[in-house]
Amino acid sequence: MNVAQVAAEIFKREGVRHLFAYPLNALTESCAAVGICPVIVRQERAAGNIADAVARMSSGEHVPVLAGHH
């Protein structure tokens, strides 16, 4: 296992359902492999805003994860 696969498994165990990511991130494929839905954005700023909205709309029940540049 590599670091991305371990991180994806931890995210899955913590109940993460979506990964908001900038393209070409190592976590994207690893998270998709364990059942976490990657949402690819064109700007990191947009991913941050979406992740913030998910956390606010669920009152912190869903933990959003943001993956930016390396």
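Let us look at the structure shown here. (Residues numbered from 1 in each chain as written. Predicted model: local features only at pLDDT ≥ 70, side-chain atom pairs only at ≥ 80, totals over all residues. Heavy atoms only, no water.)

**Things to note about unusual backbone geometry**
With the exception of glycine, the majority of residues adopt a negative phi angle, and the majority of peptide bonds are in the trans configuration. A positive phi angle, near 65°, is found at Leu 24, a position not held by glycine. Residue position: Leu 24 is located in the loop between strand 1 (18-21) and helix 2 (26-33). (Helix = DSSP H or I, 4+ residues; strand = E, 2+ residues; numbered from the N terminus.)

**Thoughts on the pattern of salt bridges**
Applying the stated rule across the entire model yields two salt bridges. Across the pair Arg 13 and Glu 9 runs a salt bridge, and its minimum N-O distance is 3.4 Å. Placement of both Arg 13 and Glu 9 in helix 1 (residues 3-13) is noted, with a separation of four residues, approximately one turn of the helix. Arg 13 sits in the exposed class, given a relative accessible area of 68%. Here Asp 52 and Arg 56 are joined by a salt bridge, their closest N and O atoms 2.9 Å apart. In this pair, Asp 52 and Arg 56 are both assigned in helix 3 (residues 44-57), four residues apart and thus about one turn of the helix distant. (Salt bridge = Lys/Arg side-chain N within 4 Å of Asp/Glu carboxyl O. Buried < 20%, exposed > 50% of the residue type's maximum accessible area, 1.4 Å probe, protein only.)

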